[in-house]
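# Tertiary structure, described
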Amino acid sequence: MLSKIEFKTCVDFSVKLGLEWSYLADLSAVTIFQSYSWQSIWNESINKNNLKNSLFIINVYSNKKIIAILPFERKQSLNFKTLSFTGHPFADYCDCLIDKSFFETNPEIKNTIKNYIFNLKNIDLIFFKNISENNNIYYLFGKYKFKKDSFCSYQLLRKEENINDLIKKKFASDTKRQIKRLSLVGRLSYKIANDISDKNKIFKFFVDNKHKQLADTNNWNYLENNIYKKFLYNLFISNNAHLSSLSLNGQIIAVHMGNYFKKTMLYLFPVYDNNFSKYSPGNILLYELIKDFFSTGGEEFDFTTGDESYKIKLSNIKNNMYYQNIELTYKGKIISKILIILNSFKKINWLRSTYNKLKY
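So, here is what we can say about the structure in this document. All values derive from a computational prediction rather than experimental measurement.

### A closer look at the environment of Gly298
Mapping Gly298 onto the fold places it in the loop between α10 (281-295) and β12 (300-305). Residues Gly298 and Phe276, 22 residues apart in the sequence, show an inter-C-alpha distance of 30 Å. Excluding anything up to four places from it in sequence, Gly298 contacts Arg158, Tyr260, Lys263 and Phe293.

Written out as structure tokens, the structure is:
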């Protein structure tokens, strides 16, 4: 039986979309960033507060059955109209949701979807970013002109039964030495937040210390934006959030805010009190997190994107990341060239903060 393919566009989240989204999410092996709960919080906290942006979610049906959801947001600025995946600027991985078994038996449908996407009206440019080689959009588009990005993502997978064998020996020995040093100063304790009170304490510590850290290093200070701060608060009070802290004599000196999703820990927002930097409290907390995660049945500790040295040293898996600008009109070509120039700003430290402010 030939498939009858239909395309429908949603401009808001709804009960029907939620049901279809959840159905495909179970089939798609997506990350937390493509879960309906994460996207809903992002939509309520960020998207609805940006008058220049609107949802443009493309649902694809075969014989009335949902087979794909491509969640875009449409942006308009100076008469330029662009599409990008929902979730910016906090989605480390961007992706769509598909019924992969359907596409494996009906591979020709991939071209139908690509032709529909690349012939959208009133869109000048589609830009893809934070695309992993393992995700659905990479599979769906068949490596269509994707370019390798300048950074990778890193994961620590459970390959050995012995947890101690997963943690690099030098990192473990160095961290244990710092634990002994701090233990001479006072009582050291590691804790996972289980109630609102503990989560609020961790969030306050994160905001205070991360705000200062970003300002001191001249990085984009997203915490100066109250909308972004509200999004992070709502996100990390949710059920999938995993908040932990390291305390010395009852005083918090390091925290991490991440997500636990499908036996995967996403290591997202760590920060420590700089007054204790000589003891490496961030490394101590990370060490405790990794041990605790794998000892309780975790399978993948995802450091996500970025080539920080500790991610490279501690991971045992490295994945390339990809991007691409799809120019649909002459104006799209102009925007694409502007983005290339703006991206070059990121290579210059003192321009990086300006670049992020312009983009987000």
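Now that the structure is up, let's keep going.
### With respect to the environment of Thr296
On the secondary structure map, Thr296 appears in the loop between α10 and β12. Counting along the chain gives 33 residues from Thr296 to Lys263, while the straight-line C-alpha distance between them is 9.6 Å. Looking at Thr296, its side chain comes within polar contact range of the main-chain oxygen of Asp292, at 2.8 Å. A polar contact is formed between the side chain of Thr296 and the backbone oxygen of Phe293, at a distance of 3.1 Å.

### Re the packing of helix α2 (residues 36-45) against helix α9 (residues 226-236)
Two elements in contact, α2 and α9, have axes whose closest approach is 9 Å; the angle formed by their N-to-C orientations is 150 degrees. As far as their axial angle goes, α9 and α2 are roughly antiparallel. Here α2 runs over α9; the crossing is right-handed. Two secondary-structure elements touch here, α2 through Trp38, Ile41, Trp42 and Ser45 and α9 through Ile227, Lys230, Phe231, Asn234 and Leu235.

### Here we look at helix α8 (residues 196-216)
Here α8 spans 30 Å end to end across 21 residues, near enough to the 30 Å set by a 1.5 Å rise per residue. Burial in α8 covers these residues: Asp198, Lys199, Ile202, Phe203, Phe205, Phe206, Val207, Asn209, Lys210 and Leu214. Packing partners of the buried residues in α8 comprise β8 (188-192), α9, β9 (241-248), β10 (251-261) and β11 (264-272). Of the residues trailing α8, Asn218 is marked for its positive phi of about 60 degrees.

### Some details on the packing of α8 against α9
It is at 11 Å that the axes of α8 and α9 come closest, and there the two elements cross at 150 degrees. Here α9 runs roughly antiparallel to α8, going by the angle between their axes. Our pair here, α8 against α9, has a crossing hand that is right-handed. Contact residues: Lys199, Asn200, Phe203, Phe206 and Val207 in α8; Lys229, Leu232, Tyr233 and Phe236 in α9.

### Observations regarding the nonpolar core
Core analysis: the biggest nonpolar cluster contains 79 residues, and Leu70, Phe72, Phe128, Phe206, Tyr222 and Leu232 have the highest contact counts within it. With residues near it in sequence (within four places) discarded, Phe206 still touches His211, Tyr222, Leu223, Leu232, Val255, Met257, Phe269 and Val271. Ranked by size, the runner-up nonpolar core spans 29 residues in total, among them Leu246, Ile253, Leu285 and Ile290.

### Description of the pairing of strand β3 (residues 65-77)
Here 10 bridges tie strand β2 (residues 53-62) to β3, and the two strands are oriented antiparallel to one another. Bridge assignment links Asn53 to a residue of β3, and that residue is Lys75. If you look at the hairpin formed by β2 and β3, you'll find 2 residues sitting between the two strands, and Asn63 has a positive phi there, around 50 degrees. Taken together, the 2 bridges between β3 and strand β5 (residues 97-98) define a ladder with antiparallel strand orientation. The partner of Ala68 across the bridge, within β5, is Ile98. Where β3 lies against strand β4 (residues 80-85), 6 bridges are found, and the strand directions are antiparallel. The residue bridging Gln76 from the neighbouring strand is Lys81, located in β4. Taken together, β3 and the strand that follows it, β4, pair antiparallel across an intervening segment of 2 residues, in which Leu78 is found at a positive phi of about 55 degrees.

### Things to note about unusual backbone geometry
With an omega of 5 degrees, the peptide bond between His88 and Pro89 qualifies as cis. By the element assignment, Pro89 lies in the loop between β4 and β5. Of note in this structure, Ala29 is not a glycine but carries a positive phi near 55 degrees. Notably, Asn218 is not glycine yet its phi reads approximately 60 degrees, a positive angle. With respect to the element layout, Asn218 can be found in the loop between α8 and α9. Judged by relative accessible area, Asn218 falls into the partly exposed class, the value being 40%.

### Some words on helix α7 (residues 169-185)
For α7, spanning 17 residues, the distance from its first C-alpha to its last is 25 Å, which sits close to the expected 24 Å at 1.5 Å a residue. Within the sequence span of α7, burial applies to Phe171, Ala172, Thr175, Gln178, Ile179 and Leu182. Axial view of α7: buried residues confined to an arc of 130 degrees, hence all on one face. Exposed and oriented more than 90 degrees from the buried face of α7 are Lys169, Lys170, Lys180 and Leu184. Looking at the packing, one finds that the buried side of α7 touches β8, β9, β10, α10 and α11 (309-314).

Cut-off values and rules
- Residues numbered from 1 in each chain as written.
- Predicted model: local features only at pLDDT ≥ 70, side-chain atom pairs only at ≥ 80, totals over all residues.
- Heavy atoms only, no water.
- Helix = DSSP H or I, 4+ residues; strand = E, 2+ residues; numbered from the N terminus.
- Contact = heavy atoms within 4.5 Å.
- Polar contact = N/O pair within 3.5 Å; in protein donor to acceptor, adjacent residues only side chain to side chain.
- Axes fitted to C-alpha atoms, helices over the stretch in contact; angles between N-to-C directions.
- Parallel < 35°, antiparallel > 145°, perpendicular 65-115°, else oblique.
- Left-handed = near helix turned anticlockwise from the far one by under 90°.
- Expected span 1.5 Å × (residues − 1).
- Buried < 20%, exposed > 50% of the residue type's maximum accessible area, 1.4 Å probe, protein only.
- Core = buried A, V, L, I, M, F, W, Y, C linked by side-chain atoms within 4.5 Å.
- Pairing = 2+ DSSP bridges.
- Arc of directions from axis to C-beta.

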